[in-house]
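Next come the chains, spelled out residue by residue.
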Amino acid sequence: MSAGETVLSVRESIKRCQATTANPLNGERDIGMLRVLSTWGHQDFRVYAEVIHTGSVGISDQVKVL
């Protein structure tokens, strides 16, 4: 993938944590958000990536899958 002039290689995806299942008012787990996300085939929250080619990245730069 690239971001601005920087090229990255995605190494590993990181799943969402259990915090998405908690009620923000009382902290109790009251919704199966991870289960709901899995029905859409998506539980990823972020990725670990290695910089392959350094370069500048600006606020309005596009992120592209290469």
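See the structure above.
Computed from a predicted structure; not experimentally measured.

Here is what the cut-offs are and how they apply
Residues numbered from 1 in each chain as written. Predicted model: local features only at pLDDT ≥ 70, side-chain atom pairs only at ≥ 80, totals over all residues. Heavy atoms only, no water. Pairing = 2+ DSSP bridges. Helix = DSSP H or I, 4+ residues; strand = E, 2+ residues; numbered from the N terminus. Salt bridge = Lys/Arg side-chain N within 4 Å of Asp/Glu carboxyl O. Buried < 20%, exposed > 50% of the residue type's maximum accessible area, 1.4 Å probe, protein only.

(A) Just the sheet that holds strand β4 (residues 63-64), in detail. Judged by pairing direction, the sheet is antiparallel, and its 4 strands sit side by side in the order β3-β2-β1-β4 without closing on themselves. Unpaired on one side and paired on the other, β3 (44-53) and β4 mark the two borders of the sheet.

(B) How the structure looks around the pattern of salt bridges. In this structure the tally under the stated criterion is 1 salt bridge. A salt bridge links Arg-11 to Glu-50, with the nearest nitrogen and oxygen atoms 2.4 Å apart. Here the residue Arg-11 occupies a position in strand β2 (residues 6-15), and Glu-50 occupies one in strand β3, the gap between them amounting to 39 residues.

(C) Region of interest: the side chain of Thr-6. Here Thr-6 shows up in strand β2. Overall, the relative accessible area of 7% leaves Thr-6 in the buried class.

(D) Structural view of the pairing of β2. Taken together, the 2 bridges between strand β1 (residues 2-3) and β2 define a ladder with antiparallel strand orientation. Looking across to β2, one finds that Ser-2 is bridged to Val-7. What sits between the antiparallel neighbours β1 and β2 is a turn of 2 residues, in which Gly-4 has the positive phi angle 60°. With 8 bridges joining them, β2 and β3 adopt antiparallel strand pairing. Bridge assignment links Lys-15 to a residue of β3, and that residue is Asp-44.

Function-wise, these values are silent; they only describe arrangement.
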